[in-house]
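Examination of the molecular architecture
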Amino acid sequence: VIIYGDLPKNKENVIYLSNHQCTVDWIIADMLAIRQNALGHVRYVLKDGLKWLPLYGWYFSQHGGVYVKRSANFNEKEMRAKLRAQMKAETPMYLVIFPEGTRYNPEIPKVIADSQSFAEKEGLAILKHVLTPRVKATHVAIDTMKDYLDAVYDVTVAYEGTVDHKGQRKLAPSMTEFLCKECPRVHIFIDRIELKDIPEEQVYMRRWLHERFEIKDKLLIEFYDAKDSKRRNKFPGKSVHSKLSLKKTLPSLLFLGGLTASMLLTESGRKLYVKTWIYGTLIGCLWVSIKP
């Protein structure tokens, strides 16, 4: 894990804005949070359909996650109510938002072309390595929690090994590929932004957010397309190879591994394991449909 920019050592209440390429992006937020001793503070803004995930859909909802629908179906009132409830409970906030709304996938050029066409129509800069960001969720989150937040983290992520033999960008690694070391390094650029530097009105925040994604695009152009090969596969500026000590990772691994193994090694444990997934999923789906 190679980190560029300034990642504060202390916990903060923040909104985390990042480019989105694959399922590993969710874990990148955890990687940064654990380095601030804030892993349990991570909440996500998620696509509404994810609330039906077995067990996890219910878990994310109960842990402060916010499910949102796209475009015309976006429910601003519901999102504000959920965030206000978290603030009232004085919940630590590390709210992760992917403003692109979907993943950047080089294998689906139509999505990229549609995004660029929309930007051109709106008079916005056309972006190459990221999609045109959507502002609604970001605006609602910042506007609702502006007196509760310490900062916004603007995060740009790039995965090594995601260029083919022709020098063209290819699909970012899946979770399995990432865990099996098919991506040797992940590069993370962090820019901490003060709330006072972000415009409050949505129309101006939209322009500000697009400008932030222009900066991301320039960083990724440098990473993937730099004419000097020595400058490729890294972001400009100083970086640190960030490692975690075993004391931060081993206890949870032993606890979860031991708990799972103890269940799967006995017949009664295996039955409980299966019933937990089946009935937990059914109850969770019922719960999130009644109480979003």
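Residues numbered from 1 in each chain as written. Predicted model: local features only at pLDDT ≥ 70, side-chain atom pairs only at ≥ 80, totals over all residues. Heavy atoms only, no water.

An unreviewed UniProt entry lists the protein chain under the name PLCE acyltransferase, from Myiagra hebetior. As stated in UniProt under Sequence similarities (unreviewed entry), the record for the protein chain gives "Belongs to the 1-acyl-sn-glycerol-3-phosphate acyltransferase family." (UniProt positions renumbered as here; feature names shortened; annotations may be inferred.)

With that settled, consider a nonpolar patch on the surface. Among the surface-exposed residues, Leu53, Tyr56, Trp58, Tyr59, Val274, Trp277, Ile278, Tyr279, Leu282, Ile283 and Trp287 lie close enough to one another that they form a single nonpolar patch of about 1,100 Å² accessible area. The dominant element in the nonpolar patch, judged by the number of residues it contributes, is helix α9 (residues 267–290), at seven residues. For Trp58, the location among the structural elements is in helix α2 (residues 56–62). Overall, Trp58 belongs to the partly exposed group, its relative accessible area being 37%. (Patch = residues over 30% accessible without salt bridge, like charges linked within 9 Å, V, L, I, M, F, W, Y side chains within 5 Å. Areas by Shrake-Rupley, 256 points an atom, 1.4 Å probe, with all protein chains shown as cover. Salt bridge = Lys/Arg side-chain N within 4 Å of Asp/Glu carboxyl O. Helix = DSSP H or I, 4+ residues; strand = E, 2+ residues; numbered from the N terminus. Buried < 20%, exposed > 50% of the residue type's maximum accessible area, 1.4 Å probe, protein only.)

Here we take up the pairing of strand β2 (residues 14–18). The buried count for β2 comes to five of five residues, which makes it a mostly enclosed element. A two-sided burial pattern is seen for β2, the buried positions comprising Val14, Tyr16 and Ser18 on one face and Ile15 and Leu17 on the other. Bridging between β2 and strand β5 (residues 94–97) involves four bridges; their strand directions are parallel. Residue pairing in the sheet places Ile15 in a bridge with Leu95 of β5. (Pairing = 2+ DSSP bridges.)

Right, let's get into unusual backbone geometry. Positive phi outside glycine occurs at Leu55, with the angle close to 60°. By the element assignment, Leu55 lies in the loop between β3 (42–47) and α2. Taking the relative accessible area as the measure of exposure, Leu55 reaches 24% and is therefore partly exposed. If you check the backbone angles, Lys181 has positive phi at about 65° while not being a glycine. Tracing the sequence through the fold places Lys181 in the loop between α6 (175–179) and β7 (186–193). We classify Lys181 as exposed; its relative accessible area is 73%.

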